[in-house]
Amino acid sequence: MNSSLHFPQGEELIRVEMTVKEALALSGAKFPLNHKLETEAIRKLKQSIENKILSPKH
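Residues numbered from 1 in each chain as written. Predicted model: local features only at pLDDT ≥ 70, side-chain atom pairs only at ≥ 80, totals over all residues. Heavy atoms only, no water.

Enquirer: Before we move on, could you go through helix α2 (residues 36–54) and cite the residues and values that matter?
Expert: In this model, α2 (19 residues) spans 26 Å end to end at C-alpha, consistent with the 27 Å of a helix rising 1.5 Å per residue. Within the span of α2, buried status applies to L37, A41 and S48. Each buried residue of α2 sits inside an arc of 30° when the element is viewed along its axis, so together they form one side. Residues of α2 that are exposed and angled more than 90 degrees away from the buried face: K36, T39, K46 and L54. The inward-facing, buried residues of α2 contact α1 (20–26). (Helix = DSSP H or I, 4+ residues; strand = E, 2+ residues; numbered from the N terminus. Expected span 1.5 Å × (residues − 1). Buried < 20%, exposed > 50% of the residue type's maximum accessible area, 1.4 Å probe, protein only. Arc of directions from axis to C-beta. Contact = heavy atoms within 4.5 Å.)

Enquirer: Break down a nonpolar patch on the surface for me, citing the residues and quoting the values.
Expert: A cluster of nonpolar residues, I14, L26, L45, I49, I53 and L54, forms a patch on the protein surface that exposes about 470 Å² of accessible area. The biggest single contributor to the nonpolar patch is α2, with four residues. (Patch = residues over 30% accessible without salt bridge, like charges linked within 9 Å, V, L, I, M, F, W, Y side chains within 5 Å. Areas by Shrake-Rupley, 256 points an atom, 1.4 Å probe, with all protein chains shown as cover. Salt bridge = Lys/Arg side-chain N within 4 Å of Asp/Glu carboxyl O.)

Okay, here's the thing in structure tokens:
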């Protein structure tokens, strides 16, 4: 990600619910019998980021 981008919510926390296997796949562990683990974890992470950035402030 480009470090020159500015996001007002950049220091806020997000929560991502994923399985331990999905988290391991994001950290670089390989699961040769289940290639969908990493893509599903990335999808969940991106969705959480989008929800935080696009959600109206309350």
